[in-house]
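Residue-level listing of the chains:
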Amino acid sequence: MRKIEYKNRIADGILNDYLEAMGAVLIVGPKWCGKTTTAEQAANSVVYLSDTSYQQQDLMAINISPHMVLEGDTPRLIDEWQEAPRIWDAVRHAVDHRNESGQFILTGSAVPNEEKLKEIHHTGTGRIGRLAMRPMSLWESGDSTGQVSISELFDGHTNIACMVPEKTLEQIGFLMCRGGWPESLKKKTEKAALLVAREYFKAVVEHDISRVDGVLKNPERVKRLMRSYARLQGSQSSYSTISDDISQNESMSLSVDTVAQYINALKSIFVIEDSLAWNPNLRSKSAIRSSDTRYFVDPSITAASLDVGPKDFVNDLNTMGFVFESMAVRDLRCYADANEGTVYHYRDSSNLECDVVIHIAGGRYGLIEVKLGGDALINEGAKNLIALANKINTTKMKEPSFLMVLTAVGPCAYRRPDGVLVVPITCLKD
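Calculation criteria
- Residues numbered from 1 in each chain as written.
- Predicted model: local features only at pLDDT ≥ 70, side-chain atom pairs only at ≥ 80, totals over all residues.
- Heavy atoms only, no water.
- Pairing = 2+ DSSP bridges.
- Helix = DSSP H or I, 4+ residues; strand = E, 2+ residues; numbered from the N terminus.
- Contact = heavy atoms within 4.5 Å.
- Axes fitted to C-alpha atoms, helices over the stretch in contact; angles between N-to-C directions.
- 1 Å grid on protein atoms, 1.4 Å probe; cavity = no way out; pocket = protein on both sides within 12 Å on 5 of 7 lines; lining within 4 Å.
- Points joined across faces, edges and corners; volume = space filled by probe spheres on them.
- Core = buried A, V, L, I, M, F, W, Y, C linked by side-chain atoms within 4.5 Å.
- Buried < 20%, exposed > 50% of the residue type's maximum accessible area, 1.4 Å probe, protein only.
- Nonpolar A, V, L, I, M, F, W, Y, C, P; charged D, E, K, R; others polar.
- Phe/Tyr/Trp six-rings, centres within 6.5 Å; stacked < 30°, edge-to-face > 60°.

## With respect to the sheet that holds strand β7 (residues 161–163)
The strands making up a sheet are joined through hydrogen bonds of the backbone, oriented either antiparallel or parallel.
Logical step 1: Ordered by their spatial adjacency, eight strands build an open sheet running β7-β13-β14-β12-β11-β10-β9-β8, and the pairing between neighbours is mixed. Two strands bound the open sheet, and with one partner strand each, they are β7 and β8 (276–277).
Logical step 2: Here two bridges tie strand β13 (residues 412–415) to strand β14 (residues 421–424), and the two strands are oriented antiparallel to one another. Residue pairing for β14: Y414 is matched across the bridge by V422.
Logical step 3: Helix α17 (residues 375–391) contacts β9 (342–347), β10 (353–360), β11 (364–371), β12 (402–407), β13 and β14 of the sheet and is inclined by roughly 150° relative to β11.

Put into structure tokens, the structure is as follows:
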């Protein structure tokens, strides 16, 4: 098993909890986000089904006797399990018969296609826990000081006041374009770090999206679809809207059915992770929009899709704003995971909107608006948050634990007189 210098992940603690509670754990997420490396820290033996040196031997052994591959010190890691879906039922069966927790860790960079799913006969419910990983948050990559904790905010520690090492817009732009790919952190130059994200984008377009369902897709069409999806980040655009956007802004068109097919394929390899709509109890009769909000799993995919770099953002703050929102959502999802929470988006028929709602156990939730910074944008975000908080029927649900404007830049984190927190993303942690 590989032993390399390891940068701690939020998923470490979650994985340990799952291994204590469940017979097996499935870790899913996009390629290159660090699933295997994280799993290796907890595993005592491993089978790499993605290793072409032994792949055919391993697959043959699994076809002959899946249980043979499961023999080894536990927890036993089966890397890229979807390459041999028969292993799923074997793991479930072994967990049942051993009657012990922490037996196996499975990792997967893709959801098995329909043909492979036919080989799986049991869901694994109650035996196999599921852990989602994403590229690194700024806290995990070492780009946040961690002075403000989401967990502590939920515990009522909202009287924050601290100075933050301020970054320029171009520096924030670099973090967005670099993304949270662990491999990029090892590079000695910014140019090399940025290349990692662009190579990920290229691999998705040219290979990965076609491999997931075995249907060859035109790379140029995939690029145009992803460019449109990037333009519509943070919106609730329908497939027909995306199709229209491609027709209006690209040199080719994609039918609604093709858009749906490509988006489903990107979801299957965890490139797209949309945000679900939040449905609180309201005092008013405003209709709540139920459409999902469009996001890539990492802001670097948005930047690569649009072919923009850190310096481009300085002259195009509108584009920077929605790419920054993508980074904020990625980080907040990581921090929500650490608190057994979920990230949602809110919008109603009056167009009152909240970029992020973090909902955790016990009915607690926090409302967050994402802004680049500056007094005007911060005031706008605070106004929206207070308006939404006043709409919530607190006789049927709790008051929000906190209201926050999350910014790209700013010299400090503080609590405003109206109670709204202003927090630069570079000082936030789980």
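Don't stop here, the text continues.
## Some points on empty space enclosed by the protein
Logical step 1: Overall, the coordinates contain one cavity of 30 Å³ or more when judged by the stated rule.
Logical step 2: The space that makes up the largest cavity amounts to roughly 100 Å³.
Logical step 3: Only α1 (10–21), β5 (128–132) and α16 (317–338) provide two or more residues apiece to the lining of the largest cavity.
Logical step 4: Ranked by the residues each element gives to the lining of the largest cavity, the list is headed by α1, at three residues.

## Some remarks on the nonpolar core
Logical step 1: One finds I150, L225, M226, L332, I358 and M404 to be the most contacted residues of the largest nonpolar core, which totals 96 residues.
Logical step 2: Sorting elements by how many residues they give to this core places α16 first, with eleven residues.
Logical step 3: Not counting chain neighbours up to four residues away, the residues in contact with L332 comprise I150, V343, V356, I358, I368, L406 and L428.
Logical step 4: Ranked by size, the runner-up nonpolar core spans 20 residues in total, among them I87, A90, V91 and V95.

## A word on the sheet that holds strand β1 (residues 24–28)
Logical step 1: Strand order across the open sheet formed by five strands is β2-β3-β4-β1-β5, with parallel pairing between neighbours. Strands at the two margins of the open sheet, each flanked by one partner only, are β2 (45–48) and β5. Taken pair by pair, the neighbouring strands of this sheet meet at an average axis angle of 20°, ignoring direction.
Logical step 2: Of the strands in this sheet, β1, β3 (76–79), β4 (104–108) and β5 are in contact with helix α5 (residues 86–98), which crosses β4 at around 160°.

## A word on the environment of L276
Logical step 1: By the secondary structure assignment, L276 is in strand β8.
Logical step 2: For L276, a relative accessible area of 45% translates into the label partly exposed.
Logical step 3: Measuring from C-alpha to C-alpha, the distance between L276 and Y346 comes to 8.6 Å, with 70 residues separating the pair along the chain.
Logical step 4: Apart from the residues within four sequence positions on either side, L276 is in contact with D292, V343, Y344 and H345.

## Some details on the layout of surface pockets
Logical step 1: Estimated volume of the second largest pocket: approximately 520 Å³.
Logical step 2: Lining the second largest pocket are 21 residues, and of these Y18, R130, L131, A132 and D337 lie nearest its centre.
Logical step 3: Counting residues per element, the ones that place at least two in the lining of the second largest pocket are α1, β5 and α16.
Logical step 4: For the lining of the second largest pocket, the element with the most residues is α1, which contributes five residues.
Logical step 5: Of the residues that constitute the lining of the second largest pocket, the class distribution is twelve nonpolar, two polar and seven charged.

## Side note on the packing of aromatic side chains
Logical step 1: Going through the model one piece at a time under the given rule, you end up with seven aromatic pairs.
Logical step 2: Relative to F402, the ring of F154 lies with its centre 5.1 Å away and its plane at 70°, an arrangement referred to as edge-to-face. Of this pair, F154 sits in helix α8 (residues 150–154) while F402 sits in strand β12; the two residues are 248 residues apart in sequence, bridging distant segments of the chain.
Logical step 3: For F154, a relative accessible area of 6% corresponds to the buried category.
Logical step 4: For F402, a relative accessible area of 4% puts it in the buried group.
Logical step 5: Among the aromatic residues, those joined into a cluster by ring pairs are W32, W181 and Y200.

Structural measurements only, silent on function.
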